[in-house]
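A closer look at the structure
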Amino acid sequence: MGRLILVVIAIALVVIALLLRPIDSPSNSTDLALETTVSPASLTPTFVGRQVCGECHEENFHLHSKSGHASTFVNTRDSDIAKKFVGKTLDASEPYGLLEYLMDENGLRVKRVDASSNQSFPLEFALGSGHNAVTFLSLVSDADEDTLGIEHRVSWFAADDHFGLTPGQIGSSPTTMAQFFGNSVQDEHMHACVNCHTTSGKIIDKNIVDLIPNVNCEKCHGPGSEHVRQARLSNTPPPFSVGNEDWNAESELQLCGDCHRLPIDFSPKQLREYPRLMARFQPVGMLRSQCYLQSRGKFKCTTCHNPHQASTAKSNQAYVDDCVQCHTENTADHVACPVSPQTGCIECHMPPLRFEQGMTFHDHYIRVHPED
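Basis of the calculations
- Residues numbered from 1 in each chain as written.
- Predicted model: local features only at pLDDT ≥ 70, side-chain atom pairs only at ≥ 80, totals over all residues.
- Heavy atoms only, no water.
- Core = buried A, V, L, I, M, F, W, Y, C linked by side-chain atoms within 4.5 Å.
- Buried < 20%, exposed > 50% of the residue type's maximum accessible area, 1.4 Å probe, protein only.
- Helix = DSSP H or I, 4+ residues; strand = E, 2+ residues; numbered from the N terminus.
- Contact = heavy atoms within 4.5 Å.
- Disulfide = S-S within 2.5 Å.

1. Concerning the nonpolar core
One finds Phe85, Tyr101, Phe121 and Phe136 to be the most contacted residues of the largest nonpolar core, which totals 22 residues. Only α5 (80-85), β3 (98-104), β4 (107-112), β5 (121-123), β7 (133-141), β8 (147-152) and β9 (154-157) provide two or more residues apiece to this core. Tyr101 has contacts with Phe85, Val86, Gly87, Lys88, Leu90, Leu108, Arg109, Val110, Leu123, His152 and Val154, leaving out every residue within four places of it along the chain.

Quick look at the structure:
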């Protein structure tokens, strides 16, 4: 009888313990799922693609799709700009001569009209947003069988929808047969062409592996698989920003400047003299502007630009409003323009400068120009 009483008491204690056990709320269950499904391998993020990003970030997805970043790298067989060349005969000047273009299943090709050989040369990739220009890049082997990039002699320019000599190639002379079709690009410069026009891509033996064309979400934000996994498991996933918890103005400048160039990419003489050409490289000018120098590190690219939106989609008045927002009259922190405190900021202090082949860039030095 005593043993039976002990058994009954034990069963009762178990039942009481089960009844008193807290029931997991939905949020607790989600947290548990997060804890039990994470493995060291799954913590290494991978690329998911911009379509997946668009599932939640619909507004930025659509803004980006209309920006120049969304169309910076494409095989010429799929390029509307490349198709403009088909059937054309263009004068590339001496000693290059006349160039004739055709398209096959692999993409655009070019041949020299006056050459003894009728062999054509492949133009594999179209680089550039098309806002100013599009240039073709081919990957070939040099004499040592190393990979060499060839930047094509002729580019398409948005100004007047015309064909012209690629900037930097005027006056150049070929030393190899491949260079009759354009200048050679080697080593880090060749890799930079691909890196700055794609989200992912590595040149190996004349091929680009792990290619994700164009400058998409994950180019700046980093591979998003872990962020997506957590977002699908929880209603309050941790913020992703651009992949760094300590993101600040300096981080942003380094990110944008990696492709749009930084002072480290130029010689001390170029930085000192700041020739007109430097206006093409916006962060270089911005970093020497008083707007940046007097901001104590707060002034940055996104002070005026939405990184998901084409810069041309924002009106001139909206940019002026950005200037006036800081440079208000009767404040001690900023200087208001004594000539025109409410209008004309861009035309005076960041004018569009015209370069060869009609390309235009706004000077981000943000100053009263010497010619004024």
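2. Regarding the state of the cysteines
By definition, a disulfide links the sulfur atoms of two cysteines through a covalent bond. Tallied over the entire structure, the rule returns one disulfide. The partner cysteine of Cys196 in its disulfide is Cys259, sulfur to sulfur 2.5 Å. Taking the sign of the S-S torsion, -95° for the link of Cys196 and Cys259, the bridge is left-handed. Taken as a pair, Cys196 in helix α6 (residues 187-197) and Cys259 in helix α9 (residues 249-260) lie far apart in primary sequence, 63 residues in all. Cys220 forms no disulfide, and the closest cysteine sulfur to it belongs to Cys256, at a distance of 6.7 Å. Looking at the unpaired Cys291, the closest cysteine sulfur is the one in Cys323, lying at 7.1 Å.

3. As for the environment of Leu148
Among the secondary structure elements, Leu148 is positioned in strand β8. When the C-alpha atoms of Leu148 and Lys206 are compared, they prove to be 7.7 Å apart, with 58 residues separating the residues in sequence. Each residue touching Leu148, except ones within four places of it in the same chain, is listed here: Ser138, Leu139, Val140, Asp142, Ser184, Val185, Gln186 and Met190.

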